[in-house]
Amino acid sequence: MQVVLDVQAQVQQTRPAQAGNLAAMFHKETVTEALQGCAMLIAGWNQNVVDEAGVSRAAKALRALDLGELAGRVEKLRQIDEA
């Protein structure tokens, strides 16, 4: 759960890579995707499962935000479900 909370905090601190309205719009959309993926993971956590769709959604958005290390941490949550 701490991983998901850390991801949420870091995603909310990101800024668009470029200036301009279009870059801001895409950045906001990507942040929303990452946060929705995290919400799916939290919902799954509450049911004692790792939500595969949430992992994929969050990881894809994190990579788009150039947060590859965080994406890797989220993907490792799959291993918890296998244990």
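Keep in mind that this is a model prediction, so the values were computed, not measured.

## Section: the pattern of salt bridges
So, point 1. By the definition in use, this model includes four salt bridges.
So, point 2. A salt bridge links Glu52 to Arg78, with the nearest nitrogen and oxygen atoms 2.7 Å apart. Of the two residues, Glu52 sits in helix α3 (residues 52-64) while Arg78 sits in helix α5 (residues 77-82), which places them 26 residues apart along the sequence.
So, point 3. In this structure Arg78 comes out as partly exposed when scored by relative accessible area, which is 26%.

## Section: unusual backbone geometry
So, point 1. If you check the backbone angles, Asn48 has positive phi at about 65° while not being a glycine.
So, point 2. Relative accessible area serves as the criterion here: at 70%, Asn48 is assigned to the exposed category.

## Some words on the packing of α3 against helix α4 (residues 68-75)
So, point 1. Where α3 meets α4, the closest approach of the two axes is 8 Å, and the angle between their N-to-C directions is 170°. Put simply, α3 runs roughly antiparallel to α4. Of α4, the residues touching α3 (which contributes Val55, Ala58, Ala59, Leu62 and Arg63) are Gly68, Leu70, Ala71, Gly72, Val74 and Glu75.
So, point 2. Tallied by class, the residues present in the contact of α3 with α4 amount to seven nonpolar, two polar and two charged.

## Quick word on the environment of Val55
So, point 1. By the secondary structure assignment, Val55 is in helix α3.
So, point 2. Given a relative accessible area of 0%, Val55 falls into the buried group.
So, point 3. Spatially, the C-alpha atoms of Val55 and Leu35 are 11 Å apart, while their sequence positions differ by 20 residues.

## What about the packing of helix α1 (residues 2-12) against α4?
So, point 1. The geometry of α1 relative to α4 is characterised by a closest axis approach of 10 Å and an angle of 155° between their N-to-C directions. Looking at the two axes, α1 sits roughly antiparallel to α4. For the pair α1 and α4, the crossing hand works out as left-handed. Across the interface between the two elements, Val3, Asp6, Val7 and Gln10 from α1 touch Leu70, Arg73 and Val74 from α4.
So, point 2. Here the residues of the contact of α1 with α4 are counted per class, giving four nonpolar, one polar and two charged.

Cut-off values and rules
Residues numbered from 1 in each chain as written. Predicted model: local features only at pLDDT ≥ 70, side-chain atom pairs only at ≥ 80, totals over all residues. Heavy atoms only, no water. Salt bridge = Lys/Arg side-chain N within 4 Å of Asp/Glu carboxyl O. Helix = DSSP H or I, 4+ residues; strand = E, 2+ residues; numbered from the N terminus. Buried < 20%, exposed > 50% of the residue type's maximum accessible area, 1.4 Å probe, protein only. Axes fitted to C-alpha atoms, helices over the stretch in contact; angles between N-to-C directions. Parallel < 35°, antiparallel > 145°, perpendicular 65-115°, else oblique. Contact = heavy atoms within 4.5 Å. Nonpolar A, V, L, I, M, F, W, Y, C, P; charged D, E, K, R; others polar. Left-handed = near helix turned anticlockwise from the far one by under 90°.

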